[in-house]
Amino acid sequence: MDRFEFQLAMLQKGAEELEKKIAAFTTILLQLKTAAITLWVALIGWAFTIKVDLIIPVGYVIVFGFWFLEATYWRVQYYCINRATAITQYLNDRDALDESFNHKSIPEFIVYPLQGLKTIK
């Protein structure tokens, strides 16, 4: 296997990994929302049951805590979506593909493993 074939295999692997990660983050986000709603409703129900209104503000902690987790997961998923978009644009760009096949080289930013999260601003 030459370098170009290896890069093609890694490109395919990277695209598959991104697809799996995006789907996994969607599942995690739905689970986070479900957990937040369940905890918040349980807390509000408990506050009404024991008739202590001071517990209700704790619900804000639950909401903001889960909101922060959701924002963190969205950020990572957004990065993965951007990487998948870059791969898609590359694969749909006839000139870039022709150049890659003529020079038997794929641009660095496309081949798996992809750039780390520290490049996100």
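Above: the structure in question.
Okay, so let's go over this structure. In this text, all values refer to a predicted model and were calculated from it rather than measured experimentally.

1. Overview of the overall build of the protein
Scanning the protein from N- to C-terminus turns up three helices and zero strands. Each helix and strand of the protein, placed in order from N terminus to C terminus, yields the pattern α-α-α. Expected size for 121 residues packed as a compact globule is a radius of gyration near 14 Å; at 22 Å, the protein overshoots this value by more than 25%. Across its three principal axes, the protein shows a C-alpha extent of roughly 75 × 25 × 20 Å. When the 121 residues of the protein are sorted by exposure, 27% land in the buried category. Sequence-distant contacts, at least 24 apart, represent 73% of the contacts inside the protein between residues at least 6 apart. Accessible area for the protein stands at about 8900 Å²; split by element, carbon and sulfur atoms hold 65% of it. One finds the centroid of the 12 positive side-chain charges in the protein at a distance of 8 Å from the centroid of its 12 negative side-chain charges.

2. Observations concerning helix α1 (residues 3-50)
Spanning 48 residues, α1 covers 69 Å between terminal C-alpha atoms, matching the ideal 70 Å at 1.5 Å per step. Where α1 ends, the next residue or the one after it, K51, has phi of about 55 degrees, a positive value.

3. Describing the environment of D53
Looking at where D53 falls in the secondary structure, it is placed in the loop between α1 and α2 (58-92). Between the C-alpha atoms of D53 and R75, which are 22 residues apart in sequence, the distance is 35 Å.

4. Focus: a nonpolar patch on the surface
Taken together, the side chains of I37, W40, V41 and V63 define a hydrophobic patch exposed on the protein surface, amounting to about 370 Å² of accessible area. Position of V63 relative to the elements: it lies in helix α2. Judged by relative accessible area, which is 39%, V63 ranks as partly exposed.

What counts and how
- Residues numbered from 1 in each chain as written.
- Predicted model: local features only at pLDDT ≥ 70, side-chain atom pairs only at ≥ 80, totals over all residues.
- Heavy atoms only, no water.
- Helix = DSSP H or I, 4+ residues; strand = E, 2+ residues; numbered from the N terminus.
- Rg over C-alpha atoms; globule rule 2.2 N^0.38 Å.
- Buried < 20%, exposed > 50% of the residue type's maximum accessible area, 1.4 Å probe, protein only.
- Contact = heavy atoms within 4.5 Å.
- Areas by Shrake-Rupley, 256 points an atom, 1.4 Å probe, with all protein chains shown as cover.
- Lys, Arg positive; Asp, Glu negative; His and termini not counted.
- Charge placed at Lys NZ, Arg CZ, Asp CG, Glu CD.
- Expected span 1.5 Å × (residues − 1).
- Patch = residues over 30% accessible without salt bridge, like charges linked within 9 Å, V, L, I, M, F, W, Y side chains within 5 Å.
- Salt bridge = Lys/Arg side-chain N within 4 Å of Asp/Glu carboxyl O.

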